[in-house]
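# Coordinate analysis (summary)
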Amino acid sequence: MKGNIAIDGPAGAGKSTVARLLAARLGYLYIDTGAMYRALTWKALRQGISPDDSRRLVELAQETTIRLEDRGARDVAVYCDGEEVTTAIRQADISRQVSLVASVPGVRQRLVEFQREMAASNRVVMDGRDIGTWVLPRAPYKFFLTASLEERARRRHRELLAAGQSVELETIKEEIRQRDALDSGREVAPLKPAPDAIIIDTGQMTVEDVVARLLALIVANQ
Ligand code: DC
């Protein structure tokens, strides 16, 4: 195998489930970069820092330690300054604010440093929005997973229902639409496929189908 694997795509395209399973199959470390932006957003909200206050957010990023603990096929535990925030960072208020925090250049700079350090000392499967274009532009394997807005909203809806949260499908759809627009429209490292990424529409595929497709493409390009 040649090296690191970058997986990008919009919210709800199935990136994190696929990336986690792929990493477990290959014995690679899984790095969920979205969880890092979420952890910082969690801390900002808890400290009453507005997601518009770029200056404070950059300071916060500099004084915060975020740690990811890959627990294999099960999940990734997320720690913010030693406190476990794995579940807390999935709350709806974090999902609504995280794109604003992630649009601040100084915040990205700091978290990208962490991400590159982790990729330098491990074989990684890293998922996010800018991994193939910016964080690991030389990764030998780059995938961009996508699906229609309707399908992505339906998946999120099912996940939330399974977790006991009842939210209207239309509300979720609108939130994902807004997040996509912010993530794709920002100036620094916007969401877009790297020129050499393989684009996969996961709309009609199961998670297992997607993992199998990626593994086949990796094996074919060793
Ligand atoms: O993948 P996710 O939904 O947990 O990501 C949360 C937010 O973090 C997403 O709306 C955009 C941002 N993000 C980013 O800007 N760059 C990344 N590499 C990963 C996530």
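For the structure, see preceding data.
For the structure given in this document, a descriptive report is provided here. (Residues numbered from 1 in each chain as written. Predicted model: local features only at pLDDT ≥ 70, side-chain atom pairs only at ≥ 80, totals over all residues. Heavy atoms only, no water.)

## A few points about the sheet that holds strand β3 (residues 66-70)
In spatial order, the strands read β3-β4-β5; together these 3 strands make up an open sheet with antiparallel pairing. In this open sheet, the two edge strands, each paired with only one partner strand, are β3 and β5 (83-84). (Pairing = 2+ DSSP bridges. Helix = DSSP H or I, 4+ residues; strand = E, 2+ residues; numbered from the N terminus.)

## Points about the packing of helix α4 (residues 92-102) against helix α8 (residues 169-185)
In the contact formed by α4 and α8, the axes pass within 9 Å of each other and the chain directions differ by 15°. Between α4 and α8, the crossing angle belongs to the class labelled roughly parallel. In terms of crossing hand, the pair formed by α4 and α8 is left-handed. Of the residues in α8, those touching α4 at Ser95, Arg96, Val98 and Ser99 are Glu175, Arg179, Leu182 and Asp183. Grouping the amino acids of the contact of α4 with α8 by side-chain chemistry returns 2 nonpolar, 2 polar and 4 charged. (Axes fitted to C-alpha atoms, helices over the stretch in contact; angles between N-to-C directions. Parallel < 35°, antiparallel > 145°, perpendicular 65-115°, else oblique. Left-handed = near helix turned anticlockwise from the far one by under 90°. Contact = heavy atoms within 4.5 Å. Nonpolar A, V, L, I, M, F, W, Y, C, P; charged D, E, K, R; others polar.)

## Quick word on α4
Inspection of α4 places Ile94, Ser95, Val98, Ser99, Val101 and Ala102 among the buried residues, and these make up the whole buried set. Around the axis of α4, the buried residues are gathered within 160° of arc, so they sit on the same side. Tucked into the core, α4 has its buried residues touching α2 (33-46), α3 (54-63), α5 (105-121) and α8. (Buried < 20%, exposed > 50% of the residue type's maximum accessible area, 1.4 Å probe, protein only. Arc of directions from axis to C-beta.)

## Considerations on the site of the ligand
The local shell around the ligand holds 16 residues, among which Arg38, Arg108, Asp130, Arg179 and Arg186 are the closest. In this structure, a nitrogen atom belonging to the ligand sits 3.0 Å away from a side-chain N or O atom of Thr33. Between the ligand and Ser99, the relevant distance is 3.1 Å, taken from an oxygen atom to a side-chain nitrogen or oxygen of the residue. Relative to its unbound accessible surface of 450 Å², the ligand loses 96% to contact with the protein. If you list the elements that add at least two residues to the shell around the ligand, you get α2, α4 and α8. Ranked by residues supplied to the shell around the ligand, first place goes to α2 with 4 residues. (Near = heavy atom within 4 Å. Polar contact = N/O pair within 3.5 Å; in protein donor to acceptor, adjacent residues only side chain to side chain. Areas by Shrake-Rupley, 256 points an atom, 1.4 Å probe, with all protein chains shown as cover.)

## Regarding the pattern of salt bridges
Pairing is possible between side chains of opposite charge, provided their charged atoms come close. For the structure shown, the criterion picks out 22 salt bridges. Measuring nitrogen to oxygen at the nearest pair gives 3.1 Å for the salt bridge that ties Asp196 to Lys142. With Asp196 in the loop between α8 and β8 (198-201) and Lys142 in strand β7 (residues 141-146), the pair connects residues that are 54 residues apart, well separated along the chain. When its relative accessible area of 48% is taken as the criterion, Asp196 is described as partly exposed. Using a relative accessible area of 6% as the deciding quantity, one classes Lys142 as buried. Taking the shortest distance from any N to any O, the salt bridge between Arg156 and Glu159 comes out at 3.4 Å. With Arg156 and Glu159 both in helix α7 (residues 149-162), this residue pair falls 3 residues apart, about one helical turn. Given a relative accessible area of 24%, Arg156 falls into the partly exposed group. Glu159 sits in the partly exposed class, given a relative accessible area of 47%. Counted as one network, the salt bridges with shared partners bring together Arg55, Arg56 and Glu59. (Salt bridge = Lys/Arg side-chain N within 4 Å of Asp/Glu carboxyl O.)

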